[in-house]
Amino acid sequence: MTSHPEELLGPLLRDVSRSFYLTLRVLPKAIRPQISLAYLLARSTDTIADTEAVPRARRIISLRELQSLTRVPDLGTLAENQALPAERQLLERLADCLETLDTFSVVDRRLIQSLLQTIIGGQIFDLERFPDETLTALADDAELDRYTYIVAGCVGEFWTKMCQAHLPGMEALNVKDGVRFGKGLQLVNVLRDIGDDRRRGRQYLPNLDDYPRWLDRALEHLDVGWRYTLTIPASQARLRLACVWPIWIGVQTIARLRQENPRAPGKVKISRGEVYRLMARSFLICRSDRALDKFYARLRACK
């Protein structure tokens, strides 16, 4: 099967990325294909890791084979066991994704390969750390911090380096701040999924009694992400928007989580209508540091 980037980075990306598709589409053209393809590759390996109809050992082998991004393992059984047609197609088109990767520059390929190696390492860690449905918690704060890096902090690192490689005025972006930005978003995911994860035998918080403290930590990370966002020149409005949206959604989610029982089933999330209202507000003020900061302070005050 030949590679068709316009198909991979258009309809297929839209079908598998759902709400994140809006963020990907608003990115500047200079970095949109690279970050979109990196997302597709990460989403495909995540799909492999989560396919419970296939034995855990088989999934780990497939992930290890993919870490080099040089060959595609036989994913026939994995693809057949996808309930969602888009995820089945994603696995069927994985070879095309790797073929598209080869069309990028050496620098871009290396950045994407390094990111995927880290993310796949995180997925393997997850499968090995939680081998069955027996409830298991991460050992300590350091292990949770490492986990948030290998599944999302590394994305902030990749994002920063990609921006610096292709966009003017990005020299002031701090890679470490980008890492904390990613960690903050992942902590929000961890905190809103506690009930569902525990039913699968996974507890990412070392101690559930520390739930309020981790909410505070997530907010601290997002504060750093906000400082990172305001470092982006106002002329790069698209890139600003791509950072503003997940932070605002994350801060509102944290406020909602403070009112919830962490053991309760289901995910806590803000409504699509709230998301669209935040987006509409951001379009109006994204070029003004003062207006952005004022609105962020208002959202944060709801904590």
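This write-up is about the structure you can find in this document. It should be emphasised that the depicted structure is a prediction, and the values quoted were computed from it without experimental measurement.

## A look at a positive patch on the surface
Thinking step 1. A surface patch of like charges, here positive, comprises Arg-18, Lys-267, Lys-269 and Arg-272.
Thinking step 2. Take Arg-272: it is sitting in helix 14 (residues 272–285).
Thinking step 3. A relative accessible area of 53% places Arg-272 in the exposed class.

## Topic: the environment of Gln-117
Thinking step 1. Mapped onto the secondary structure, Gln-117 falls in helix 8 (residues 106–129).
Thinking step 2. The exposure class of Gln-117 is partly exposed, given its relative accessible area of 38%.
Thinking step 3. Through-space distance from the C-alpha of Gln-117 to that of Ser-68 is 7.1 Å; in sequence the pair is 49 residues apart.

## Looking at the packing of aromatic side chains
Thinking step 1. On inspection of all chains with the given rule, the structure shows 9 aromatic pairs.
Thinking step 2. Aromatic side chains Trp-245 and Phe-283 sit 5.8 Å apart centroid to centroid with 75° between the ring planes, which places their arrangement in the edge-to-face category. Residue Trp-245 is located in helix 13 (residues 237–257), and its partner Phe-283 is located in helix 14; the two are separated by 38 residues in the primary sequence.
Thinking step 3. Since its relative accessible area comes to 46%, Phe-283 is described here as partly exposed.
Thinking step 4. Taken together, the ring pairs connect Phe-125, Phe-130, Tyr-147 and Tyr-204 into an aromatic cluster.

## Focus on the pattern of salt bridges
Thinking step 1. Following the criterion strictly, the structure yields 19 salt bridges and no others.
Thinking step 2. Ionic pairing is found between Glu-87 and Arg-43, a salt bridge with its closest N-O pair at 2.5 Å. Here Glu-87 is found in helix 6 (residues 85–92), whereas its partner Arg-43 is found in helix 3 (residues 32–50), with 44 residues between them in sequence. In terms of burial, Glu-87 and Arg-43 fall into one category: buried.
Thinking step 3. Where salt bridges share partners, they join Glu-52, Asp-197 and Arg-200 into one cluster.

## Considerations on the side chain of Thr-253
Thinking step 1. Inspection of the secondary structure assignment puts Thr-253 in helix 13.
Thinking step 2. For Thr-253, a relative accessible area of 5% gives the class buried.
Thinking step 3. Contacts of Thr-253, omitting those with residues within four sequence positions, involve Val-188, Arg-192, Val-268 and Ile-270.

Reading guide: rules and limits
- Positions within a chain are numbered from 1, following the residues in the order the chain's sequence is written.
- Reporting in this predicted model follows two pLDDT cut-offs: at least 70 for local features of residues, and 80 or more for side-chain atom pairs to be given and counted; totals over whole chains, interfaces and linings ignore these cut-offs and use all residues.
- The side-chain numbers reported here are obtained from all heavy atoms of the structure, hydrogens and water having been left aside.
- For patches, a residue must show more than 30% relative accessible area and have no salt bridge; joins then use 9 Å for like charges and 5 Å for nonpolar side chains, namely Val, Leu, Ile, Met, Phe, Trp and Tyr.
- Residue-level accessible areas treat just the shown protein chains as cover; the underlying method is Shrake-Rupley with a 1.4 Å probe.
- Salt bridge, as applied in this entry: a Lys or Arg side-chain nitrogen positioned within 4 Å of an Asp or Glu carboxyl oxygen.
- Positive charges are assigned to Lys and Arg, negative charges to Asp and Glu, while His and the chain termini are left out of the count.
- The atom standing in for a charge is NZ when the residue is Lys, CZ when it is Arg, CG when it is Asp and CD when it is Glu.
- Runs of H or I in DSSP of at least four residues are treated as helices and runs of E of at least two as strands, each being numbered from the N terminus.
- Buried means the residue's accessible area, taken with a 1.4 Å probe over protein chains only, is under 20% of the maximum for its type, while exposed means over 50%, and partly exposed covers the values in between.
- Two aromatic rings, drawn from Phe, Tyr or Trp (for Trp, its six-membered ring), form a pair once their centres lie within 6.5 Å of each other, and the interplanar angle then sorts them: stacked below 30 degrees, edge-to-face above 60, tilted otherwise.
- Note on contacts: a residue pair qualifies if any of its non-hydrogen atoms lie within 4.5 Å across the two residues.

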